[in-house]
Amino acid sequence: MMGKPTIGIDIGTANISIYSDTEQMIFHEPTVLAYDTKKNKVLEIGHEAKDLAEKTPGSIAVISPLQGGIIVDFDMTLRLIKKVESRVSATTGKRFKQMNLVVSLLPGATNIERQAIGDILFSLGVRSLYFIEGSLAATIGAGLPFEKPMANVVVDIGAGKITTSLVSYGGIVTSATVRKAGNELDREIAQLVRNKYNVLIGLESAEKVKWQLRCDMHNDSEMIEIEGRDLVTGFPITIEVASSEFQAGVDEFLNRVLSVVQTTLENSPPELSGNIRASGLTLTGGGALLTGLSEWLNSKVSVPIHVSKAPFEAVALGTSMAMQHIDRLINIEKVTPR
Ligand SMILES: Nc1ncnc2c1ncn2[C@@H]1O[C@H](COP(=O)(O)OP(=O)(O)OP(=O)(O)O)[C@@H](O)[C@H]1O
Ligand SMILES: [Mg+2]
């Protein structure tokens, strides 16, 4: 273990992030690959692959191999990780097998999920592999006093899942997850535009609409321009939709956030309640960037709401830092090939 560099890997539904133990980001790209089904060949990964989504001929599939925070396509995940390794070794000069790897998992990840990730990395020759629970990593990456017997509550809002955990004394005390998050809101946006305006838009466009939304749009007069295809004429069309039309979809998203937060708070030991009231909740994940989220959540749970610095990367950063604190961490385990 000594002497080898360590990297922390967060394989998210939307993004893969990798950090070095010197806190340098070495990879951060969409968890997407473009695959030529005729030639059985990966054409692009990451940003380049995501840019191809819904623009390619039928023989080229643009694939997101994770959904709801878990691997749904093992083979494509393996191919993606192989390409990611090539990129990482091009920048670091080292292969995965020459490094210690710490990989974040969602709390309660099944053995199947653990084995899937283990099998992929061991097949690349990795010899030193650790799993850490993503929420524990998030508290480290967010700079919270994770090792103290104190309430560190993180709310990680990603593309595929929302997880809230209470971390104290280096371990997860209680945690809750829902497997519907940012991607689900994109789908709802696309569906609303289709049902109400007879206009077909891709999920990429729907995501861009989402980035313009806010938690409370009830009194908005703001219009959002959306490009799509008119389902009646078949022609390209640009429509304007009032942001307030998306309020119901945003509300569903918000209610999911609130329900996991409530479950976690309800399951928290009373001894830590006063502590939670003082230290509050820390938001991580891309979903934390939804405008007005902190204020909205504060109005619901009456505790201070903080947004982690670099919310997209808190988990990967904490994962890369975990080895330095391994003696003080509970939810980290060394993995061996089966
Ligand atoms: N300004 C924004 N407003 C709302 N959502 C945003 C914003 N910016 C990014 N997002 C959303 O954040 C999500 C990606 O976040 P993140 O990278 O943390 O997810 P992930 O870690 O890949 O997914 P998961 O943890 O669920 O497996 C996407 O759904 C993206 O649309
Ligand atoms: Mg994530």
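Residues numbered from 1 in each chain as written. Chains lettered and ligands numbered in written order. Predicted model: local features only at pLDDT ≥ 70, side-chain atom pairs only at ≥ 80, totals over all residues. Heavy atoms only, no water.

Topic: unusual backbone geometry
Positive phi outside glycine occurs at Glu23, with the angle close to 65°. If you trace the backbone, Glu23 turns up in the loop between strand 2 (15-20) and strand 3 (25-30). The phi angle at Asn198 is positive, at roughly 55°, despite the residue not being glycine. Secondary-structure assignment places Asn198 in the loop between helix 5 (182-197) and strand 14 (199-200). (Helix = DSSP H or I, 4+ residues; strand = E, 2+ residues; numbered from the N terminus.)

So, the pairing of strand 16 (residues 236-242)
Inspection of the sheet shows strand 15 (residues 223-230) paired to strand 16 by seven bridges, in the antiparallel sense. By the bridge assignment, Ile224 is partnered in strand 16 with Val241. The antiparallel pairing of strand 15 with strand 16 creates a hairpin that spans five residues between the two strands, and Gly234 there sits at a positive phi of about 80°. (Pairing = 2+ DSSP bridges.)

Points about the environment of Ala137
You can see Ala137 is positioned in helix 4 (residues 134-141). Separated by 192 residues in sequence, Ala137 and Leu329 place their C-alpha atoms 9.8 Å apart. Ignoring anything within four residues of it in the chain, the contact list for Ala137 reads Ile132, Ala314, Val315, Gly318 and Thr319. (Contact = heavy atoms within 4.5 Å.)

As for the pattern of salt bridges
Applying the stated criterion to the full structure yields 14 salt bridges. Across the pair Glu29 and Arg87 runs a salt bridge, and its minimum N-O distance is 3.2 Å. One end of the pair, Glu29, is in strand 3; the other, Arg87, is in helix 2 (residues 74-92), with 58 residues separating them in the sequence. Accessibility expressed as a relative area gives 32% for Arg87, which makes it partly exposed. In this structure, Glu48 and Arg87 form a salt bridge, with 3.8 Å as the shortest nitrogen-oxygen distance. Of this pair, Glu48 sits in helix 1 (residues 46-51) while Arg87 sits in helix 2; the two residues are 39 residues apart in sequence, bridging distant segments of the chain. (Salt bridge = Lys/Arg side-chain N within 4 Å of Asp/Glu carboxyl O. Buried < 20%, exposed > 50% of the residue type's maximum accessible area, 1.4 Å probe, protein only.)

Regarding the sheet that holds strand 5 (residues 41-45)
The antiparallel open sheet is built from three strands, whose spatial order is 5-4-6. One side of each edge strand has no neighbouring strand; the edge strands of this open sheet are strand 5 and strand 6 (60-63). Here the strands of the sheet are splayed against their neighbours by 25° on average, with no regard to which way each runs. (Axes fitted to C-alpha atoms, helices over the stretch in contact; angles between N-to-C directions.)

Regarding the UniProt feature "binding site: ATP" (unreviewed entry) in the chain
UniProt's entry tags Thr13, Ala14, Asn15, Glu207, Lys208, Val209, Lys210, Gly286, Gly287, Ala288 and Leu289 with the feature "binding site: ATP" (unreviewed entry), counted in the numbering of this structure. Considering the arrangement of structural elements, one finds Gly286 in the loop between strand 17 (281-284) and helix 9 (293-301). The partly exposed category is assigned to Gly286, whose relative accessible area is 26%. Those residues within four positions of Gly286 in sequence are excluded, and the remaining contacts are Ile157 and Phe312. (UniProt positions renumbered as here; feature names shortened; annotations may be inferred.)

Some thoughts on the nonpolar core
Judged by nonpolar contacts, the single largest core of 43 residues is most densely connected at Ile226, Phe246, Leu281 and Leu297. Counting residues per element, this core draws most heavily on helix 7 (residues 247-266), at seven residues. Setting aside chain neighbours within four positions, we find Phe246 in contact with Ile189, Leu192, Val193, Val209, Leu213, Met217, Ile226 and Val241. Counting 36 residues, the second largest nonpolar core, distinct from the first, contains Phe27, Ile63, Phe122 and Val335. (Core = buried A, V, L, I, M, F, W, Y, C linked by side-chain atoms within 4.5 Å.)

Focus: the pairing of strand 2
Counting buried positions along strand 2 gives five out of six residues, so the element sits mostly inside the fold. Relative to strand 2, strand 1 (residues 6-11) runs antiparallel, the two being bridged by five bridges. What sits directly across from Ile9, in strand 2, is Ile18. The pairing of strand 2 with strand 3 spans five bridges and is antiparallel. What sits directly across from Ser17, in strand 3, is His28.

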